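Architecture at a glance
Residue strings, one per chain:
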Amino acid sequence: MSEFEATSLRDVLCGALSVADVGRRVSVCGWVARRREHGEHLAFLDLRDRSGILQAVVEGTLEVRNEYVVRVTGTVTPRPEGTRNERLATGAVELTDCEVEVLAAAEPSPLPLDEHAEADEAVRLRYRYLDLRREQMQANLRLRARVNTALRAAMDAQGFVEVETPLLWAPTPEGAREFVVPSRLHEGEFYSLPQSPQIAKQLLMVGGFDRYYQIARCLRDEDLRADRQFEFTQLDLEASFVTQEDVRRFVSRAVLDAAQAATGERPGEIAEMTWAEALDRYGTDKPDLRFEMTLCDLTAAFATTGVRAFQAPCVKALRVPGGAGLSRSRLDQLVERAKALGAKGLAWFRVGPDGLESPLVKLLTPEESAAVADVDGAAPGDLVLAVADAHALACRVLGALRVELGAPPVSAGPHRYVWVVDFPMFEGLDEEGHPVAAHHPFTMPHPDDLERLGSDPLSVRAQSYDLVLNGWELGSGSVRVHRPDVQREVFRSLGISDEEAEYRFGFLLGAFRYGAPPHAGFAFGVDRLVAIFAGVENIREVIAFPKTQSGADLMTGAPKVISERQRRDLHLGAPRPA
RNA sequence: GGACCUGUGGUGCAGCUCGGAGUGCACGCCGCCCUGUCAAGGCGGAGGUCGCGGGUUCAAAUCCCGUCAGGUCCGCCA
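Residues numbered from 1 in each chain as written. Chains lettered and ligands numbered in written order. Predicted model: local features only at pLDDT ≥ 70, side-chain atom pairs only at ≥ 80, totals over all residues. Heavy atoms only, no water.

1. Examining the overall build of chain A
Within chain A, the secondary structure is distributed over 13 helices and 22 strands. C-alpha extents for chain A along the principal axes are approximately 90 × 75 × 55 Å. For chain A, the accessible area works out to roughly 28100 Å², and carbon and sulfur atoms hold 51% of it. Looking at chain A, you have 66 positive and 86 negative side-chain charges, and the mean spots of the two groups are 3 Å apart. (Helix = DSSP H or I, 4+ residues; strand = E, 2+ residues; numbered from the N terminus. Areas by Shrake-Rupley, 256 points an atom, 1.4 Å probe, with all protein chains shown as cover. Lys, Arg positive; Asp, Glu negative; His and termini not counted. Charge placed at Lys NZ, Arg CZ, Asp CG, Glu CD.)

2. A short note on the pattern of salt bridges
Taken as a whole, this structure holds 44 salt bridges when the rule is applied. For Arg 144, the salt bridge identified is with Asp 527, shortest N-O distance 3.0 Å. A residue pair is termed long-range when its members are at least 10 positions apart, and Arg 144 in helix H3 (residues 135-157) and Asp 527 in helix H12 (residues 526-534) qualify at 383 residues. Look at Arg 144 and you get buried, because its relative accessible area is 12%. The residue Lys 547 makes a salt bridge to Glu 231 at a minimum N-O spacing of 3.5 Å. Of this pair, Lys 547 sits in the loop between H12 and helix H13 (564-569) while Glu 231 sits in strand E10 (residues 231-240), and the two are 316 residues apart along the sequence. Under the relative-accessibility criterion, Lys 547 is labelled buried at 17%. (Salt bridge = Lys/Arg side-chain N within 4 Å of Asp/Glu carboxyl O. Buried < 20%, exposed > 50% of the residue type's maximum accessible area, 1.4 Å probe, protein only.)

3. Thoughts on the pairing of strand E20 (residues 464-469)
Among the 6 residues that make up E20, 6 are buried, leaving the element largely enclosed by the rest of the structure. Across the two faces of E20 the burial is the same, with Ser 464, Asp 466 and Val 468 and Tyr 465, Leu 467 and Leu 469 all buried. As consecutive antiparallel partners, E20 and strand E21 (residues 472-479) are separated by 2 residues, and within that stretch Asn 470 has a phi angle of approximately 50 degrees, a positive value. (Pairing = 2+ DSSP bridges.)

4. As for the protein's contact with RNA strand B
The full set close to RNA strand B counts 51 residues, and Arg 34, Thr 83, Glu 222, His 439 and Asn 538 are the nearest of them. When the atoms of RNA strand B within 4 Å of the protein are sorted by group, sugar and phosphate make up 49%. Between Glu 222 and RNA strand B, the recorded distance is 2.4 Å, taken from a side-chain N or O atom to a sugar or linking oxygen. Contacts to RNA strand B include Ser 550, whose side-chain N or O atom sits 2.9 Å from a phosphate oxygen. At the level of elements, strand E1 (25-37), strand E2 (43-49) and helix H7 (328-340) are the ones that each hand at least two residues to the surface near RNA strand B. Per-element tally for the surface near RNA strand B: the top contributor is E1, with 4 residues. The residue makeup of the surface near RNA strand B, split by class, is 14 nonpolar, 17 polar and 20 charged. (Near = heavy atom within 4 Å. Polar contact = N/O pair within 3.5 Å; in protein donor to acceptor, adjacent residues only side chain to side chain. Nonpolar A, V, L, I, M, F, W, Y, C, P; charged D, E, K, R; others polar.)

5. Focus on the packing of aromatic side chains
Under the counting rule described, the total for this entry stands at 12 aromatic pairs. Joined through ring pairs, the aromatic side chains of Trp 419, Tyr 465 and Phe 522 make up one cluster. In this arrangement the basic side chain of Arg 248 is found over the ring face of Tyr 465, its NZ or CZ atom lying 5.8 Å from the centre. Here the guanidinium or amino end of Arg 402 rests over the ring plane of Phe 291, the centre of that ring lying 3.9 Å away. (Phe/Tyr/Trp six-rings, centres within 6.5 Å; stacked < 30°, edge-to-face > 60°. Lys NZ or Arg CZ within 6 Å of the ring centre and 35° of its normal.)

6. A few points about the sheet that holds E10
Overall, mixed pairing links the 8 strands, which are arranged E6-E9-E10-E22-E21-E20-E17-E11 in an open sheet. In this open sheet, the two strands that pair with only one neighbour each are strand E6 (161-162) and strand E11 (271-274). Pairing of E21 with strand E22 (residues 519-525), which is carried by 5 bridges, proceeds in the antiparallel orientation. In the sheet register, Ser 478 faces E22, and the bridge partner there is Gly 521. Of the strands in this sheet, E11 and strand E17 (417-421) are in contact with helix H6 (residues 275-282), which crosses E11 at around 85 degrees. (Contact = heavy atoms within 4.5 Å. Axes fitted to C-alpha atoms, helices over the stretch in contact; angles between N-to-C directions.)

7. A word on the environment of Leu 554
Its location among the elements puts Leu 554 in the loop between H12 and H13. By relative accessible area, which is 34% here, Leu 554 ends up partly exposed. Leu 554 sits 23 residues away from Ala 531 along the chain, and the two C-alpha atoms are 21 Å apart.

8. Here we look at helix H4 (residues 198-206)
Across the 9 residues of H4, 7 count as buried, placing the element largely inside the fold. In the stretch just after H4, Gly 208 is the one whose phi turns positive, near 90 degrees.

9. Some details on the nonpolar core
Formed by 67 residues in total, the largest nonpolar core has its most connected members in Leu 235, Leu 237, Val 251, Phe 522, Phe 524 and Phe 533. Per-element tally for this core: the top contributor is helix H5 (residues 244-263), with 9 residues. Not counting residues up to four positions away in its chain, the partners in contact with Leu 235 are Leu 151, Met 155, Tyr 213, Gln 214, Ile 215, Ala 254, Phe 522, Ala 523, Phe 524 and Val 526. (Core = buried A, V, L, I, M, F, W, Y, C linked by side-chain atoms within 4.5 Å.)

10. Regarding the confidence of the model for chain A
On average, chain A scores 94 in pLDDT, and the residues at 70 or more come to 99%. Across the interfaces of the predicted complex, the ipTM metric reaches 0.93, alongside a pTM of 0.95. (pLDDT = per-residue confidence, 0-100.)

11. Some points on a nonpolar patch on the surface
Among the surface-exposed residues, Leu 167, Leu 168 and Tyr 191 lie close enough to one another that they form a single nonpolar patch of about 280 Å² accessible area. Relative to the assigned elements, Tyr 191 resides in strand E8 (residues 190-192). (Patch = residues over 30% accessible without salt bridge, like charges linked within 9 Å, V, L, I, M, F, W, Y side chains within 5 Å.)

12. Observations concerning the packing of H4 against helix H11 (residues 498-512)
With their axes 10 Å apart at the nearest point, H4 and H11 run at an angle of 20 degrees to one another. Looking at the two axes, H4 sits roughly parallel to H11. The handedness of the crossing between H4 and H11 is left-handed. On the side of H4, the interface is formed by Ile 199, Gln 202, Leu 203 and Val 206, while H11 contributes Phe 505, Phe 507, Leu 508, Ala 511 and Phe 512. Among the residues making up the contact of H4 with H11, the classes are represented as 8 nonpolar, 1 polar and no charged. (Parallel < 35°, antiparallel > 145°, perpendicular 65-115°, else oblique. Left-handed = near helix turned anticlockwise from the far one by under 90°.)

What follows is the structure, given as structure tokens:
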């Protein structure tokens, strides 16, 4: 612990004191974590600051309550034989001959702050400033700060320059729903808050900053989840004169440095997998490689089946080790779950010592039964789940069930990183028959597939790549379009007319006419990365002041009604009557 | 927009199926006692719109409907 911690009010941090300091007369500042009074002659006071807890011995009665802010001046003394506390880092010493100065009184805390008690998250969020005093929140946010520092250092070491981009940007039609900000000076017009600095960083490439990065706040007005907040933080980067391999190298360096800073261990090389393999084997484009349970293909075994439920372009199966013990009601739940995910049904087979057990089993030929019983080397006690449908749907449904039935908790580790590469350019069609961009419309199609952009868009591969950690999508990137003709062609294939492209993205297309370098980039979510490092299931645990699932801030009460005057200034109509 | 779970003194829970007086446990809080505790201990005490509204019933924390809040998920998240 460094002496930089000394201030005019304190000499050291509580957690820094040890037998090496015996004899020192020191002042420490912090909160009263606990008191133990033994009548009018002796009391113990546990003082907490961000570094830990220190016991002060007070002769007489205490004039303080829990969470009072106090300054204690005392002498570092070895604890008497037999009274050391092994569970406390400072448990070999205590402060004696103490003066206690109250810096601020405190009402009783509405939520417990000690590490043994759990509080309802709504209460924690309402009193977040108290929740942040808890050891776990202190650790999470300090971990996050170390990650940020490591990321900045890694990018700096690789020659990237940090450039800030606007929060007030122009509305763009594609992609996530945007937060908009009404203009006071331009009646009826709006800024938007950036979903990401995507276009800005591409313009920085045109502007000659050939290696840009930013720890950027991004805002998306979409429904919240355990891993999604309205606003989140990305390490955003872009580089010119590079291939996707170069970009992956830059990102890998940053992520591995962050992992080392966070965990003390440097992970090995990051694995690589094609999008098609991820879908086929794991049923998702963000595979969790911590556990096996890969999907098996039974299409051939059921090619000539007479069972209507298995007459489909594809039959996929998943072995659930030990799953034969699942109750019938749990199996019914899984069937419902599969249907909710879009499957027509879900077949289940308990593998017993005497063969399969299932409502369907008497319909199967011996060959079909044998194929099911052999899925992924199934053994008695296992469960086999099967979905027959189009390939992608069958894979996705079983992939979701694989995670629900098999994924270890976030805190379990280990950390298994994987690059998912060779994404398709588009995934499916929208209601108007236009292809939907799998990544974003600035992604460069694979050069061999360029001429099919108009004729057969769904077959076009993209030069894009995702980074996945333990089943969480950390981020994605791509080689970008840097030619105006190609960009227009991509916009057209997405159903964006030349006129609309000109209005929304004219500044980008214009920029590309003046010598745009080939460039590529990436962005990944810092909140998610830190959450996994911290071993928590929810990114709220690594955000100082997060919002609830309905987008409310329970502490400030946001969102709130604004005054009539503010409304007028912003040219907004009257609020809807209550 | 939809599905499911949760809501009981300041906090965490039990009570809810099968209706019968706000019943219980732990923590915290207040008071008293206690000279080596450390999630101190002992004794005593205060603290409640059972989220809210409606319905059923002689009677509702408990059953029904609606609603609000928190959570997990689907849709959504280029």
